[in-house]
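# Coordinate analysis (summary)
So you can see what is in the structure, the chains are spelled out below.
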Amino acid sequence: MHYFQMVGFNGKKNLKLLMGDTSTGNLKEIDKRVLFKRHVEVINLELSYECNRKCDYCPVSFSDRQNSQSYMKENLIEKVCKELSEIRYDNKISLNLYNEPLLDKKLADKICTIRKYLPAAHIGFNSNGDFLRLPLLKDLSNSGLNHICVTLHPLPNVNQDNTIIQRRLLKILKRLEYNFIDDELDISFIELNNSFSCYVEGVRILIQWPDWRKDGTNRGGTLENNSAEVNKRVSPCARPFREFTIFYDGNVQPCCESFHDNKFNLENVGNISDQNLFDLYTSKKLNQMRRSLYDFSEKTGICSECTVRDFSSYSEDKSRKELLAEIKDFSIPEKIDCQTKFD
């Protein structure tokens, strides 16, 4: 079952509203909050800027994120938390986008702030694991962290064999003083799996080793040769429906695939310093993008060659187009202007 089949109560009406339907008049503030509460499953909240790695399948490889650090302002973090507390947000919060979260010395304090406002949220982040040690993990656990997903990124232009992956996996587990391995993590395990999961200090640690050179995406067109497919995308995408993505400077993008740094501002939806989360989520910009991504049709702009998987069936296309046709004041340009923009 995919996202659009799980939208639940009042699903079709809500989807139409999220694509700009005006048949019921302008949305009230309570309506915007209800839509956000019912449909957002993941909030990407990037608290810092820098990454210490230079993976050749990531736009950080040509970004100043490698050698400069910035932090989301504390008043913005608190603003986000207060607004989410108004709807008792209890879903996922991911504290990374294109940064390495563990470079932030105040990460545990920031997680404490988030947990204070959002006691039921599931808080986690992705990391390269380079700075992960048991004392730090204990601090993060005490602050309210739920999980860390560690990816064993290879060096640029280097292919990791199974022996290297095994050695790196065991090294991280040794740093965390995880002593319940026995002979489980032998070479055959590495060959047959692409991840290992365990709990340390009450935090779920998922260590993975996917081949992002093969299965990665082009990150909004910023990576020309990093896509599993070269054909134009026609399949739908649920990300602008189910995700809300906030970068280090408060800039909101349609999803985590839309790369943003001091140079790139691919699809600026707005900024949380100027508007509340619920106005941004139901903004005209995101409404238009969600319309274009709802059915099976050729996508444009940053979505045109994106290979993010979607589990929709083409057999649903007729009913999706019928739903789009029901939207009042449905007027969307043939091609949305979603081209890369530079500040």
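Residues numbered from 1 in each chain as written. Predicted model: local features only at pLDDT ≥ 70, side-chain atom pairs only at ≥ 80, totals over all residues. Heavy atoms only, no water.

## Points about helix α5 (residues 134-143)
Listed as buried for α5 are Leu-134, Leu-137, Leu-140 and Ser-143. In this structure, the buried residues of α5 make contact with α4 (107-117), β3 (122-127), β4 (147-151), α6 (162-175), β5 (195-200) and β6 (203-208). Gly-144 sits one or two positions beyond α5 and adopts a positive phi of about 120 degrees. (Buried < 20%, exposed > 50% of the residue type's maximum accessible area, 1.4 Å probe, protein only. Helix = DSSP H or I, 4+ residues; strand = E, 2+ residues; numbered from the N terminus. Contact = heavy atoms within 4.5 Å.)

## Regarding the side chain of Glu-316
Here Glu-316 is to be found in the loop between α11 (284-294) and α12 (317-326). For Glu-316, a relative accessible area of 15% puts it in the buried group. At a separation of 2.8 Å, a polar atom in the side chain of Glu-316 contacts the side chain of His-2. (Polar contact = N/O pair within 3.5 Å; in protein donor to acceptor, adjacent residues only side chain to side chain.)

## Examining the confidence of the model for the protein chain
On average, residues of the protein chain score 91 in pLDDT, and 93% of them reach the 70 mark or higher. Considering only residues more than four positions removed or in separate chains, one finds that residues 332-343, a stretch of pLDDT under 50, has 30 contacts. (pLDDT = per-residue confidence, 0-100.)

## Examining unusual backbone geometry
Notably, Asn-157 is not glycine yet its phi reads approximately 65 degrees, a positive angle. Within the element layout of this structure, Asn-157 appears in the loop between β4 and α6. The exposed category is assigned to Asn-157, whose relative accessible area is 68%.

## Considerations on the pairing of strand β1 (residues 42-45)
Across the two faces of β1 the burial is the same, with Val-42 and Asn-44 and Ile-43 and Leu-45 all buried. Note that β1 and strand β2 (residues 92-94) share three bridges and pair parallel. Following the sheet pairing, Val-42 is matched in β2 by Lys-92. Summarising the sheet, β1 and strand β7 (residues 243-246) pair through four bridges and their orientation is parallel. (Pairing = 2+ DSSP bridges.)

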